Each structure stands twice: as C-alpha cells, then as structure tokens.
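# An overview of the molecular structure
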Amino acid sequence: MERRGAAGEVWTCQTVLPAHANQRGELSAGQLLQWMDVTACLAAEKHAGVSCVTASMDDIQFEEAARVGQIITIKAKVNRAFKTSMEVGIKVTLQDILTKVEKIVSVAYATYVAKPVGAGKVELEPVKLLSAEDYLEHTLATERRRIRLGYEQVFQNLLQDTNTEDTFEEEDAVSTDVTHVQSIKLVQPPHANHHGNTFGGQIMAWMEMVASISASRLCCSYPILKSVNMFKFWGPSVVGDRLVFNAIVNNTFQNSVEVGVRVEAYSCEEWIKDQARHINSAFLIFNVVNDKGELLTFPRIKPTTKDGTRRYHGAIARRRIRLARKCMLSAKEDKLSDPWERSNQAYVSYSNVAALTHLAAKPGWEITSTLDDVKIWTHEEGDVLSFKVEMQVKIRPHSAFSLLSDFTLRQEWDKHFLTCELLQAVNEDEKIYYVTCPPMAGHKPRDFVILVSQRQPCKPSEPYVVAVKSVTLTSVPPSSEYCRSEILCAGFQIYSGSSSSCTVCYFNQVTSGVMPYLAANLTCSSKSIEDTALECIKFLELKGSKH
C-alpha cells in the first residue's frame with residue numbers, strides 16, 4: 001500500500017480512550033498537545049533528514065472538544081524551510097464513528113529547528129511545492145514569521161497603554177495568591193527523544209496540567225482550555241533534569257481566565273546550587289461551563305505584588321492582541337474595513353498580503369481581453385467579481401516594485417486617482433494613504449483610506465507584492481463632501497522576466513466603491529482598464545529608465 005503524505009507531510013490517527021480523557025469525559029488538551037507536537041516533529045524530521053526540536057507553537061485555538069470513542073486525525077506538513085528552522089502547519093479534526101460527522105478541532109502553526117548530531121548546523125533544503133495550496137501556504141509562512149518576530153514589540157507598545165488604566169477597584173476581588181500552583185517533574189527516558197532532549201509536547205502537556213489546576217482554584221470547577229498564547233521554548237532540557245512548573249492566574253475577563261506558566265530546568269548540580277534555567281513560558285486561556293453548556297463568570301482578581309501587577313497588565317495587552325487576531329480571522333465580507341490600531345496592526349498587514357495572495361492563486365481565471373502588452377482576466381465566485389490586468393513591462397522588476405509601491409505617484413498614470421496623501425509611514429513596508437477620486441455621473445466624489453503593504457521576494461521565483469486594502473483611522477472620519485468607499489482586496493504582483501523586463505499583474509476584488517469606475521468597461525462601452533494599463537506601462541518604462 002502506498003504511504004500517505006508527500007515529503008514533509010505526516011498523518012496520524014488516534015482513538016480517544018478513557019486514559020486520554022479529563023474529568024468531563026473529553027480529550028485532555030494536554031494529551032492533544034502532545035499528539036500535535038509529535039506529529040509535527042515527525043513532519044519536520046521527514047523534511048530535514050535529521051532530528052528536530054520544538055522552537056515555538058503559535059497561538060492555538062480549540063474549536064471543538066473530542067469525546068471518548070471519537071477519532072482524532074492530525075495532519076502536519078512543512079510549509080516553508082528557512083535556513084535551519086521550518087514552519088509546520090498542523091490541522092486537527094475529529095470524527096464520530098457512529099454519525100460519521102467530521103469537525104475541525106484546531107489549526108496551528110509550529111516552528112521546529114533542525115538539530116543534527118554534534119555541534120554542527122544543517123542548512124535545510126527548500127520545500128517542494130506540488131499544489132496550489134502548497135504555494136499559498138509557502139508564501140504566507142513568511143508573513144506569519146513576520147508576526148512572530150514583531151510580536152514582542154507590539155506587546156510592549158500595548159503594555160505601555162494598559163499600565164495607565166485603573167484596575168483593582170472591586171472590593172470582592174480575589175487575591176491571585178490562592179491560585180499559585182507549583183509542580184516538579186523528573187525527566188525520564190520515556191519523556192525524551194533518542195538524543196535525550198525532552199519532547200516539547202510533553203512539556204506542553206505538563207504546563208496545561210498545572211495551569212488547569214491554577215484556574216480550578218479560582219472557579220472551583222473543571223476549566224476547559226480554549227486557547228494558548230504561544231508556547232515558546234527558550235532552551236532545552238534533557239533526561240535527568242528536574243523541571244519546576246509555576247502557574248498563577250494573571251487576570252480574568254468575565255467568562256475567561258488567563259493563567260501564566262513558567263518552566264525552569266535544573267540539572268543535579270544546578271538543583272543543589274539553586275541555579276535555574278528558564279526554558280519555557282506560555283499563557284493559557286480557560287473557560288468554565290455549567291451542566292447546560294453555558295459559560296460561567298469568573299470572579300475578579302487583584303494582584304498583591306509588583307510582579308503580579310505586571311502580569312495583570314500583560315494579560316490585558318495579550319487579550320487585545322488575541323481579540324484582534326480573532327476578529328481578523330473571522331471577518332465577514334460585509335465588513336470590509338478594519339480599524340488600524342496598535343493591537344491589530346500585524347494581523348491587518350498579514351490579512352492584506354494574505355487576501356491578495358489567495359485572490360491571485362484562485363483557479364478559474366478567464367481571459368476577456370487582449371491588447372498589445374495587456375491582458376485582462378476576470379474571475380466569478382458566487383456574487384463576487386474580481387479582475388486581473390497582466391502587463392508586460394520593459395524595466396527591471398525591482399524598479400517596477402519601487403514605483404508602484406509609492407502611491408503618491410499613482411496620479412501620474414491613473415486618472416481615477418485625483419489626490420493621494422501619505423498619512424502614516426508605519427515602517428518601510430507599511431504605509432497608509434488618503435485617496436480621493438473624481439465624481440462619476442450622478443455620484444459624489446469618493447474617498448478611501450488604504451493600507452499599502454509591500455513585500456520583496458525571499459527568492460527569485462517569488463513575486464514582489466504590493467497589497468492594498470481599506471482601513472479605518474479615527475483621525476480621518478468620513479466627510480459630507482465625499483462618499484467614503486472601501487477596497488476589499490487589490491494590489492500588484494510583479495514577476496521577473498529577465499534582467500530588463502517583468503510581468504506586472506494588478507488584481508482587484510470589485511466592491512460597490514470601485515464598481516462605478518469599472519461598470520462601463522465591464523459592459524464593453526469603455527476601454528478605461530486597458531487605457532489605464534497602457535498608461536501604467538508608459539509611466540513605468542519612462543521612470544524606470546531613470547532608476
């Protein structure tokens with residue numbers, strides 16, 4: 001029988017047995033984390049060809065609970081390999097063998113590092129991309145990596161904001177001291193891989209256990225793990241180490257509670273000298289429900305120490321980031337514009353680039369017009385219409401990228417842009433513009449507030465990206481003079497042709513704000529799209545010759 005799974009892909013199936021269940025008869029979250037880590041590690045090692053260790057596991061949301069007797073299927077696949085690390089995507093589903101109903105339990109992303117025998121390093125081979133989904137995840141892995149690397153800065157910015165807020169006003173608030181839990185584990189051979197390093201999943205399972213005990217001391221019930229705010233491994237532990245787990249409630253939010261867990265490791269000598277190694281930290285969010293499945297309210301808490309106050313405010317900042325992420329991932333198409341705030345900037349930027357990448361990768365594009373160096377394609381999916389304009393341009397791709405990513409130059413070739421003002425240069429890759437457009441017959445002039453996210457390729461076969469979407473800024477409210485309109489998904493992908501030519505593709509997912517400028521073109525009574533594309537080519541080749 002043919003082995004299931006391509007290179008860097010592993011599937012595992014597990015039956016949920018009573019030994020895997022918690023007090024509610026549901027699969028223990030700690031057990032599931034162990035299975036997820038082992039499966040993802042096997043996928044990483046299948047790609048790397050050497051042993052791998054867990055570096056981190058991104059925010060994890062648990063959407064469904066599996067019960068005893070149900071089947072858990074875990075698919076893990078390497079999405080992208082960097083130099084010595086790789087991102088592994090993990091998808092967990094459950095199946096009821098009696099009803100045949102399947103549900104998604106969780107989708108997560110983890111980072112693994114190749115650790116060959118000895119002190120040397122191994123440079124990983126690129127992932128072989130075999131399908132459109134492979135290409136998509138490979139591209140978005142870079143965006144997710146940006147979020148990981150920028151998380152700490154976002155958190156620190158929000159922490160400064162939350163430190164100014166009033167907090168401990170409620171008289172009946174509970175002291176966090178009663179929720180402190182400590183547990184010590186001796187790492188034995190069954191807990192480690194063949195090199196003696198403790199399995200990351202085993203540490204995560206132990207962390208979930210102590211966090212659950214901490215939460216239960218506050219709610220006097222059996223808490224349910226709903227999400228984890230990134231497991232990050234700061235260092236290794238090995239067979240023979242003593243691992244000390246300290247868990248305490250950081251804050252409560254009506255129907256949820258955040259528990260912080262810190263893990264320190266000691267060798268036998270370090271144990272005697274009391275010299276700890278901080279190897280892991282994570283923040284786990286729990287709910288509690290009654291017999292009817294209704295969420296119960298947690299009591300408010302009050303910290304009693306300076307460190308407790310720091311953790312209290314940190315929980316508020318992490319919740320803001322978590323809610324922003326959840327809002328972005330669950331956004332509906334009738335809510336086009338996202339607020340641009342400190343808590344969600346990384347996720348709005350990710351959403352911007354991801355939306356354009358998804359649109360470009362969709363199958364079923366149909367060519368509707370060909371004119372000289374311009375081709376126009378359309379794509380229909382239900383009520384959603386999108387178009388693509390493909391242009392052959394005789395300049396270097398990086399020059400085209402530089403010119404097209406500067407939207408203050410857009411009026412020089414696009415008659416639909418009346419003015420364009422740079423509002424915020426967030427960083428070198430993210431800029432926010434205020435755009436006005438001329439009035440169409442019977443309509444007010446329109447204005448837009450847009451985020452432009454620009455990305456350079458990590459390797460020659462990848463495109464330059466300039467992604468565009470509307471955002472909401474409180475400092476730029478709608479005005480009676482203009483009809484505030486929105487862009488759901490638009491932008492450019494620029495592919496290298498040769499050293500002196502490139503292919504520029506412009507995409508736009510049509511919204512009501514854009515439709516008035518395209519209606520005549522779509523009914524073939526105007527050639528405004530072709531004319532604008534030809535002006536764009538002329539502009540790029542004229543300006544590009546001077547770069």
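Let me begin by describing the structure that accompanies this report. (Residues numbered from 1 in each chain as written. Predicted model: local features only at pLDDT ≥ 70, side-chain atom pairs only at ≥ 80, totals over all residues. Heavy atoms only, no water.)

## Examining the packing of helix H7 (residues 397-404) against helix H9 (residues 528-544)
At a minimum axis distance of 10 Å, the contact between H7 and H9 shows a crossing angle of 110°. Looking at the two axes, H7 sits roughly perpendicular to H9. The chirality of how H7 crosses H9 is right-handed. Residue-level inspection shows Ala400, Leu403 and Leu404 of H7 in contact with H9, the latter providing Cys536, Phe539, Leu540, Lys543 and Gly544. Residue classes in the contact of H7 with H9 are distributed as six nonpolar, one polar and one charged. (Axes fitted to C-alpha atoms, helices over the stretch in contact; angles between N-to-C directions. Helix = DSSP H or I, 4+ residues; strand = E, 2+ residues; numbered from the N terminus. Parallel < 35°, antiparallel > 145°, perpendicular 65-115°, else oblique. Left-handed = near helix turned anticlockwise from the far one by under 90°. Contact = heavy atoms within 4.5 Å. Nonpolar A, V, L, I, M, F, W, Y, C, P; charged D, E, K, R; others polar.)

## A short note on the pairing of strand E12 (residues 256-266)
Counting buried positions over the eleven residues of E12 gives ten, a clear majority of the element. As defined by bridge partners, strand E11 (residues 242-253) adjoins E12 across eleven bridges and the pair is classed as antiparallel. Paired with Asn246 across the bridge in E12 is Arg262. Alignment of E12 against strand E13 (residues 277-287), held across nine bridges, turns out to be antiparallel. By the bridge assignment, Arg262 is partnered in E13 with Ser281. (Buried < 20%, exposed > 50% of the residue type's maximum accessible area, 1.4 Å probe, protein only. Pairing = 2+ DSSP bridges.)

## Re the pattern of salt bridges
In the structure shown here, the tally under the stated rule is 25 salt bridges. With its nearest N and O atoms 3.6 Å apart, the salt bridge here joins Arg24 to Glu26. Looking at Arg24, the relative accessible area reads 29%, which means it is partly exposed. Residue classification places Glu26 among the buried residues on the basis of a relative accessible area of 11%. Salt-bridge contacts for Arg146 lead to Glu430; the nearest nitrogen and oxygen are separated by 3.8 Å. Here Glu430 lies in strand E20 (residues 430-437) and Arg146 lies in helix H2 (residues 132-162), a separation of 284 residues in the sequence. Residue Arg146 is classed as partly exposed on the basis of its relative accessible area, which comes to 33%. Looking at Glu430, the relative accessible area reads 3%, which means it is buried. A cluster of three or more residues bridged by salt bridges with shared partners is formed by Asp58, Glu87, Glu137, Arg144 and Arg148. (Salt bridge = Lys/Arg side-chain N within 4 Å of Asp/Glu carboxyl O.)

## A look at the state of the cysteines
Tallying each qualifying case throughout the model produces zero disulfides. Take Cys220: it sits in no disulfide, and the sulfur closest to it among the cysteines is that of Cys219, at 6.7 Å. According to the relative accessible area criterion, Cys220 is exposed, its value standing at 72%. (Disulfide = S-S within 2.5 Å.)

## Digging into the environment of Glu294
With respect to the helices and strands, Glu294 occurs in the loop between E13 and strand E14 (301-302). On the accessibility criterion, Glu294 (44% relative accessible area) is partly exposed.

## Focus on unusual backbone geometry
Unlike most non-glycine residues, Lys100 shows phi in positive territory, near 65°. Relative to the assigned elements, Lys100 resides in the loop between strand E5 (85-95) and strand E6 (102-114). Residue class for Lys100 comes out exposed when judged on its relative accessible area of 59%. Even without a glycine there, the phi angle at Met230 is positive, about 55°. Following the sequence through the fold, Met230 ends up in the loop between strand E9 (224-228) and strand E10 (231-233).

## Quick word on H2
Given a rise of 1.5 Å per residue, 31 residues ought to cover 45 Å, and the 42 Å separating the end C-alpha atoms of H2 matches this to within 8%. Of all the bends in H2, the greatest, near 50°, is centred on Gly150. (Expected span 1.5 Å × (residues − 1). Bend = angle between axes of the 7 residues up to and from the residue.)

## Regarding the nonpolar core
Generally speaking, a soluble globular protein has its nonpolar side chains buried in company with each other. Core analysis: the biggest nonpolar cluster contains 70 residues, and Leu32, Ile72, Met86, Val88 and Phe231 have the highest contact counts within it. At ten residues, the largest contribution of residues to this core is made by helix H1 (residues 29-48). Leaving out residues up to four positions away in the same chain, Met86 has contacts with Ala44, His47, Ala48, Cys52, Val78, Arg80, Ala81, Ala110, Thr111, Tyr112, Ala114 and Leu124. Core analysis: the second largest hydrophobic core is formed by 39 residues, Val374, Ala400, Phe407 and Tyr464 among them. (Core = buried A, V, L, I, M, F, W, Y, C linked by side-chain atoms within 4.5 Å.)

Everything listed here is a matter of coordinates, which is why it stays silent on function.
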